[in-house]
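This is what each chain is made of:
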Amino acid sequence: MDLAYTEEEEAFRAGLREWLAVALPKLPPRPSPDDWPGRRACDAGWQRALYDAGYADLHWDASPTQRLIFLEETEKAGAPYVGANFVGLLHAGPTIAAEGSEEQRERWLPPILRGDEIWCQGFSEPDAGSDLASLRTRAVRDGDAYVVTGSKIWTSHAEVADWCELLVRTDPDAPKHRGITWLAMPMDAPGITVRPLRTLAGSTEFAEVFLDEVRVPAANRVGAENDGWRVTMVTLSFERGTAFVGEVVACRRTLGELARAARENGRWDDIALRRRLGRLNAEFGALWRLTQWNVSESTRTGGVPGTGGSVFKLRYSHARQELYDTAADVLGPDALDLARDWNLDRLSSLSYTIAAGTSQIQRNIVAERILGLPKER
């Protein structure tokens, strides 16, 4: 398999670098972590700049390799992360592009790409986390709408979102994987209550969402009724396969910064620490190659990442935790100071073996769908 870039792709990279060099110095200061309306405005502004420059549609109207180059170069340049646009750009948008009707693509994709509309993810529930298919939020068809009742938890960016990618149970008598439907729910609909959740790092990017007979137009259903589990697998394949690409680049940059910090504060003399840094360098180098392989595979399969994303997500989650544990060793007593670089990232890394499917779930996927082992009984 050829993982080299073509001349056309390298020309695209060069043009992107030139644009970033001009655009990034013009950005306004980043709002505080607790100012979500301000962060939404900032993230939406950056997305609009990408749109005006012709880079916003790379998420859906470009080759997977170009998307990879885009994520690699923006991260290397220190460009803003997608932030509040995360669910729309990396989850809901690609799913609608792959599974939505022409009318749905025309309605939702341009506002996402322009940064006009923010999405949140309404998948997990208090009793349906790793076993997502056991969700209980009900949707009953009433004329041209679904009436939705239930609750969601860990709903990303719900407090500033315009839309929610929502999983509901439309057939309670069907086997649990077959009675689920994927809906796009407007967050300003009557009956929605959002309660922010504060994380260990002190941020509130997650929320509980309570749904009391919320009416969602049937036209907002993506895919067929009761076929939502298959559509969800498309969403999760993007979440596990390509959504973390920029973060791998960020981790490789952090690793270099850790090595420099260790040289400056004397920790570099610790042979065991140097060995850990070297092993992590090899680990993230391998993860980057795996990312390239996954992108090549998604090119072959029409742009939707395959089960290789679970291999990547499984190993990346643990490697990220190891990276920031090593950062704590480099910092020493300063690892207790949340104002220091890397410490908030260390707290955030604790969630990665749970978010986007637990490591246990990823192991099951690898065992059953890649290795062909029998399903758990």
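Residues numbered from 1 in each chain as written. Predicted model: local features only at pLDDT ≥ 70, side-chain atom pairs only at ≥ 80, totals over all residues. Heavy atoms only, no water.

Trainee: Teacher, can you tell me more about the overall build of the protein chain here?
Mentor: Assigned secondary structure in the protein chain consists of 11 helices and eight strands. In the protein chain, the proportion of contacts linking residues at least 24 apart, taken out of those at least 6 apart, comes to 73%. For the protein chain, the computed accessible surface area is about 17,600 Å², with 52% contributed by carbon and sulfur atoms. (Helix = DSSP H or I, 4+ residues; strand = E, 2+ residues; numbered from the N terminus. Contact = heavy atoms within 4.5 Å. Areas by Shrake-Rupley, 256 points an atom, 1.4 Å probe, with all protein chains shown as cover.)

Trainee: Just to check I follow, could you spell out the pattern of salt bridges for this structure?
Mentor: Any two side chains of opposite charge can pair, given that their charged atoms come close. For the structure on display, the rule yields 23 salt bridges. A salt bridge links Arg 13 to Glu 10, with the shortest nitrogen-to-oxygen separation between them at 3.0 Å. Note that Arg 13 and Glu 10 are positioned in helix α1 (residues 7-23) at a spacing of three residues, about one turn of the helix. Here Arg 215 and Asp 142 are joined by a salt bridge, their closest N and O atoms 2.9 Å apart. Placement of Arg 215 in strand β7 (residues 206-217) and of Asp 142 in strand β2 (residues 138-142) is noted, with a sequence separation of 73 residues between them. What makes Asp 142 partly exposed here is its relative accessible area of 39%. (Salt bridge = Lys/Arg side-chain N within 4 Å of Asp/Glu carboxyl O. Buried < 20%, exposed > 50% of the residue type's maximum accessible area, 1.4 Å probe, protein only.)

Trainee: Sorry if this is basic, but what is going on with unusual backbone geometry here?
Mentor: For residues besides glycine, phi is generally negative; the peptide bonds are generally trans as well. A positive phi angle, near 55°, is found at Trp 154, a position not held by glycine. When you line up the elements, Trp 154 lands in the loop between β3 (145-152) and β4 (163-169). Of note, Glu 213 is a non-glycine position whose phi angle comes to about 55°, a positive value. For Glu 213, a relative accessible area of 55% corresponds to the exposed category.

Trainee: So what exactly am I meant to see when it comes to the packing of aromatic side chains here?
Mentor: In this description, a pair of aromatic rings is defined by centroid distance and the angle of the planes. Taken as a whole and assessed by the stated rule, the structure comprises eight aromatic pairs. Taking 5.4 Å as the distance between ring centres and 75° as the angle between the ring planes, the aromatic pair formed by Trp 108 and Trp 163 counts as edge-to-face. Within this pair, whereas Trp 108 is found in helix α5 (residues 102-114), its partner Trp 163 is found in strand β4, the two being separated by 55 residues in sequence. Exposure class is identical for Trp 108 and Trp 163. Each is buried. Ring centres of Trp 119 and Trp 163 lie 5.9 Å apart, and the angle between their planes is 25°; on these two criteria the pair is classed as stacked. Separated by 44 residues along the polypeptide, Trp 119 in strand β1 (residues 119-122) and Trp 163 in strand β4 bring together distant segments of the chain. Neither residue differs from the other here; Trp 119 and Trp 163 are each classed as buried. In textbook terms, an aromatic cluster arises when at least three aromatic residues are bridged by ring pairs, as seen for Phe 12, Trp 19, Trp 46, Tyr 55 and Phe 70. Positioned above the aromatic ring of Tyr 146 is the side chain of Arg 141, whose terminal nitrogen or guanidinium carbon lies 5.3 Å from the ring centre. A cation sits over an aromatic face here: Arg 263 above Trp 268, 4.1 Å from the ring centre. (Phe/Tyr/Trp six-rings, centres within 6.5 Å; stacked < 30°, edge-to-face > 60°. Lys NZ or Arg CZ within 6 Å of the ring centre and 35° of its normal.)

Trainee: Help me out: how do you make sense of the environment of Gly 246 in this one?
Mentor: Tracing the backbone through its elements, the reader meets Gly 246 in helix α7 (residues 245-265). Residue classification places Gly 246 among the buried residues on the basis of a relative accessible area of 9%. Separated by 171 residues in sequence, Gly 246 and Glu 75 have C-alpha atoms that sit 5.9 Å apart. Filtering out sequence-adjacent residues up to four positions away, Gly 246 remains in contact with Leu 71 and Glu 75.

Trainee: Just checking my understanding: could you explain the nonpolar core for this structure?
Mentor: The nonpolar side chains of a soluble globular protein tend to be buried, and buried together. Counting 42 residues, the largest nonpolar core has Trp 19, Trp 46, Tyr 55, Trp 119 and Trp 182 as the members making the most contacts within it. Elements represented by at least two residues in this core include exactly α1, α2 (36-53), α3 (64-76), α4 (86-99), α5, β4, β5 (180-186) and α6 (228-241). The leading source of residues in this core is α4, at six residues. Beyond its immediate sequence surroundings of up to four residues, Trp 46 is in contact with Trp 19, Leu 20, Ala 23, Leu 24, Leu 27, Ala 79 and Pro 80. By size, the runner-up hydrophobic cluster in this structure holds 25 residues, among which are Leu 68, Ala 261, Ala 327 and Ala 328. (Core = buried A, V, L, I, M, F, W, Y, C linked by side-chain atoms within 4.5 Å.)

Trainee: Looking at this structure, I do not really get α1. What am I missing?
Mentor: Counting along an α-helix, one turn takes 3.6 residues, and residues three or four places apart therefore face a common direction. For α1, built from 17 residues, the straight-helix expectation of 24 Å at 1.5 Å per residue is met to within 8% by its first-to-last C-alpha distance of 24 Å. For α1, the set of buried residues is Glu 9, Phe 12, Arg 13, Leu 16, Trp 19, Leu 20 and Ala 23. With its buried residues spanning 130° around the axis, α1 presents them on a single face. With respect to the buried face of α1, the exposed residues turned more than 90 degrees away are Glu 7, Ala 11, Glu 18 and Ala 21. Contacts made by the buried residues of α1 are with α2 and α3. (Expected span 1.5 Å × (residues − 1). Arc of directions from axis to C-beta.)

Trainee: Would you mind going over the side chain of Glu 73 with me for this structure?
Mentor: One can find Glu 73 in helix α3. A distance of 2.5 Å separates a polar atom in the side chain of Glu 73 from a polar atom in the side chain of Arg 13. (Polar contact = N/O pair within 3.5 Å; in protein donor to acceptor, adjacent residues only side chain to side chain.)

Trainee: Would you explain the side chain of Thr 254 in this entry?
Mentor: In this fold, Thr 254 is placed in helix α7. Leaving out residues up to four positions away in the same chain, Thr 254 has contacts with Leu 323, Tyr 324 and Trp 342.

Trainee: Please clarify how the packing of α2 against α5 should be interpreted in this entry.
Mentor: In a packed pair of helices, the relevant descriptors are the angle between the two axes and the axis-to-axis distance. It is the contact of α2 with α5, at a shortest axis distance of 7 Å, that shows an interaxial angle of 105°. Considering their axes alone, α2 and α5 lie roughly perpendicular with respect to each other. Contacts from Ala 44, Gln 47, Arg 48 and Tyr 51 in α2 reach Ile 112, Leu 113 and Arg 114 in α5. In terms of residue class, the contact of α2 with α5 is built from four nonpolar, one polar and two charged. (Axes fitted to C-alpha atoms, helices over the stretch in contact; angles between N-to-C directions. Parallel < 35°, antiparallel > 145°, perpendicular 65-115°, else oblique. Nonpolar A, V, L, I, M, F, W, Y, C, P; charged D, E, K, R; others polar.)

That's the geometry; what it means functionally is another story.
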